[in-house]
Amino acid sequence: MDQTNPGSIDPKTGFNSLTKTFHSLRPVIDLPQQHDPISVTDFALSNRVISTNSVALIDSSTTHHISYSEFAQLTKSLSSYFQNVTKLSQHDVAFVLCPKSTKIPILYFSLLSLGIIISPSNPLNTESEIHRQIHLSKPVIAFATSATAHKLPKLKHSTILIDSPEFDSLMTTTSYEFERVTVRQSDLAGILYSSGTTGDVKAVMLTHGNLTAVVAGFLPEKDSEQVVTLNAVPYFHVYGLIYSLKSVALREAVVVVEKFDLKSMLSAVQEFRVTQLAVAPPAVVEMIKRGLTDGYDLRSLEDVVSGGAPLGKDVIAAFRTRFPTVSLKQGYGMTESTGVCSRAISPEESFCMSSVGRVTTYCIVKIVDPETNVPLLPGEQGELWISGPMIMKGYVGDPKATFVVLTSDRWLRTGDLCYIDKEGYVFVVDRLKDLIKYKGYQVAPAELEQLLQSHPEIIDAAVVPYPDEEVGEVPFAFVVKHCHSSLNERNIMDYVSKQVAPYKKVRRVAFISSIPKSPSGKILRKDLRKMNFSTSKSRM
């Protein structure tokens, strides 16, 4: 990465006036070299010393605790079985189609330590979606549950059910010797599937070096009493994968809620004295709506980390009012960047309203004009480009798509309209492709969505462009209102028009039961665009 001439880097913004790039203001960290024989699991397990009796995993439904010594032994036993009985080989691909459980981190660590490539998928996917993913990743084995196995085709090895008594015995067997495998940072570690919010699903190739860089970015944080984390995002998503790795690296206790909803999350926070929540934005919005957290003892909670989509100022303000002693920290990342590229790490940074934090220690970014690709200055809006050791290797079997997002010198084009302010904070405006063009003006759907969500009678909202012959496009709002609300289309349009410039007005409205979203909380706008716009009775 470009660290030349540090004297040209502004200590407030991180902006390099010579290269027109933004550097991290965090302390520099040492990363393994690409040829080094160390896997991300080795890196995570070797970084922090703590009592082996400290808790690694807690099953919220059974309250069963797994210590770090048990975690290491279960992982080793499972790896030994895969080596000696299943005969899995380094660089094989393992497809994982499982709901959340304490067994998933153990499975991940077992496979990754053998140099086997994990390819986790959403267990709610349909058979056709799963077959498309399998066609891309070409796995030799699958791990599933009794509820998901029927969706899988026949592979080289039989599907292993992780909710079976047999799997439990595999984790405790001592019948086989474990032979250490040399896994290098440059080796492929995972094939994850992009959310598919724009076009066909793509298979993202991530290396051990990619994962190690992101995990290492959490390590400068100070030692303290053992953190109790509840990761409310799925393990098949890059957000959940990174948190499963970094939690081991930091020796956190992780509370696993198998079937997630707000009540089960809040109950787990209360019962297990959770100190840190990792959530998608919809969970934050739920926590501030109509006293849904009333009756729960949440005094242990210190941090709520939100990622996947930016939170609006009104949501942040309401959260701070409701939870004045809790730091709400936002982060930004993509599957293609192995997760987080910017985040808030201190209570002070969390108070920068609507920011997704500062650039992480292992990457360099720049803001470029989307038309000319000319780098822009602090405060100027443009497309965010990212460079560093966490950038994906590329898309499986799709060099054209890889070429579109990765430049020849490996800058990742994010497709997000962003800016970096005079204090080095990153702000996400919206997806470039989602911007609405009204008479030449650019309207960001996220701004209107955040405004709509601030209405006390609106549960959720999404805005998409609607074609118009005279002006190009107009904002079309899909709204989820409270069941007892009497809001109509005109009420909503009037509410917005009083608070925005004329060209940003919502011109059409439709009421729906829920907003389609990805597991990380991103609005699936392509699904909304497929809906019948004629359901709206509103007028221009």
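Above this note sits the structure.
Right, let's walk through the structure included here. Model, not experiment: these values are computed from the prediction.

As a further point, take helix α8 (residues 262-272). An α-helical turn contains 3.6 residues, so a residue and the one three or four places further along point in the same direction. Residues of α8 that are buried: Leu 262, Ser 264, Met 265, Leu 266, Ala 268, Val 269 and Phe 272. Each element contacted by the buried residues of α8 is listed here: β3 (55-59), β4 (65-67), β11 (228-231), β12 (253-256), β13 (276-279) and α9 (281-287). Between the side-chain oxygen at the start of α8 and the backbone nitrogen of Lys 263 there is a gap of 3.1 Å, and the oxygen is on Asp 261. The positive-phi residue at the C-terminal boundary of α8 is Arg 273, with phi of around 55 degrees.

Notably, Lys 138 is not glycine yet its phi reads approximately 55 degrees, a positive angle. Within the fold, Lys 138 resides in the loop between α4 (127-137) and β7 (141-144). Look at Lys 138 and you get exposed, because its relative accessible area is 57%.

For the rest of this paragraph, the subject is helix α14 (residues 489-497). Along α14, the residues classified as buried are Glu 489, Ile 492, Met 493 and Val 496. The buried side chains of α14 occupy one side of the element, clustering within an arc of 95 degrees when seen end-on. Summarising the contacts, the buried residues of α14 are in contact with α13 (445-453), β25 (458-468), β26 (472-481) and β27 (508-511). You can read the cap of α14 off the contacts: a side-chain oxygen lies 3.2 Å from the backbone nitrogen of Arg 490, and it is on Asn 488.

Now for the pairing of strand β6 (residues 117-120). Burial along β6 is two-sided: Ile 117 and Ser 119 facing one way and Ile 118 and Pro 120 facing the other are all buried. Pairing between strand β5 (residues 93-97) and β6: four bridges, direction parallel. Across the sheet, Val 96 pairs through a bridge with Pro 120, a residue of β6. In this view, the connection linking β5 to its parallel neighbour β6 by way of helix α3 (residues 103-113) has right-handed handedness.

Roughly 400 Å³ of internal volume is contained in the second largest pocket. Around the second largest pocket, the lining comprises 17 residues; the ones closest to its centre are Lys 313, Ser 354, Val 428, Glu 447 and Gln 450.

This brings us to the packing of α3 against helix α7 (residues 238-249). It is at 11 Å that the axes of α3 and α7 come closest, and there the two elements cross at 85 degrees. Looking at the two axes, α3 sits roughly perpendicular to α7. Each of Tyr 108, Phe 109 and Leu 112 in α3 lies in contact with α7, whose residues at this interface are Leu 241, Ser 244, Leu 245 and Val 248. Its residues assigned to classes, the contact of α3 with α7 shows six nonpolar, one polar and no charged.

On to the environment of Leu 417. Within the fold, Leu 417 resides in strand β21 (residues 412-420). A C-alpha to C-alpha distance of 6.4 Å links Leu 417 and Leu 384, two positions 33 residues apart in sequence. Setting aside its immediate chain neighbours within four residues, Leu 417 contacts Gln 381, Gly 382, Phe 427, Val 428, Val 429, Asp 430, Leu 432 and Leu 435.

Considering all chains together, one arrives at 16 salt bridges under this definition. Close ionic contact of Arg 26 with Glu 349 constitutes a salt bridge, the shortest N to O distance being 2.6 Å. Placement of the pair is Arg 26 in the loop between β2 (21-22) and α1 (40-45) and Glu 349 in helix α11 (residues 347-350), with a sequence separation of 323 residues. Across this residue pair, the class does not change: Arg 26 and Glu 349 are buried. For Arg 525, the salt bridge goes to Glu 449, with nearest N and O atoms at 2.5 Å.

Note on placement: Glu 457 falls in the loop between α13 and β25. For the pair Glu 457 and Lys 481, spaced 24 residues apart in sequence, the C-alpha to C-alpha distance is 5.8 Å. Contact partners of Glu 457, with chain neighbours within four places excluded, come to Lys 481, His 482, Ser 485, Ser 486 and Leu 487.

What counts, and where the lines are drawn
Residues numbered from 1 in each chain as written. Predicted model: local features only at pLDDT ≥ 70, side-chain atom pairs only at ≥ 80, totals over all residues. Heavy atoms only, no water. Buried < 20%, exposed > 50% of the residue type's maximum accessible area, 1.4 Å probe, protein only. Helix = DSSP H or I, 4+ residues; strand = E, 2+ residues; numbered from the N terminus. Contact = heavy atoms within 4.5 Å. Polar contact = N/O pair within 3.5 Å; in protein donor to acceptor, adjacent residues only side chain to side chain. Arc of directions from axis to C-beta. Pairing = 2+ DSSP bridges. Right-handed = clockwise from strand over helix to strand, strands pointing away. 1 Å grid on protein atoms, 1.4 Å probe; cavity = no way out; pocket = protein on both sides within 12 Å on 5 of 7 lines; lining within 4 Å. Points joined across faces, edges and corners; volume = space filled by probe spheres on them. Axes fitted to C-alpha atoms, helices over the stretch in contact; angles between N-to-C directions. Parallel < 35°, antiparallel > 145°, perpendicular 65-115°, else oblique. Nonpolar A, V, L, I, M, F, W, Y, C, P; charged D, E, K, R; others polar. Salt bridge = Lys/Arg side-chain N within 4 Å of Asp/Glu carboxyl O.

The values reported here are purely geometric and, on their own, carry no functional implication.
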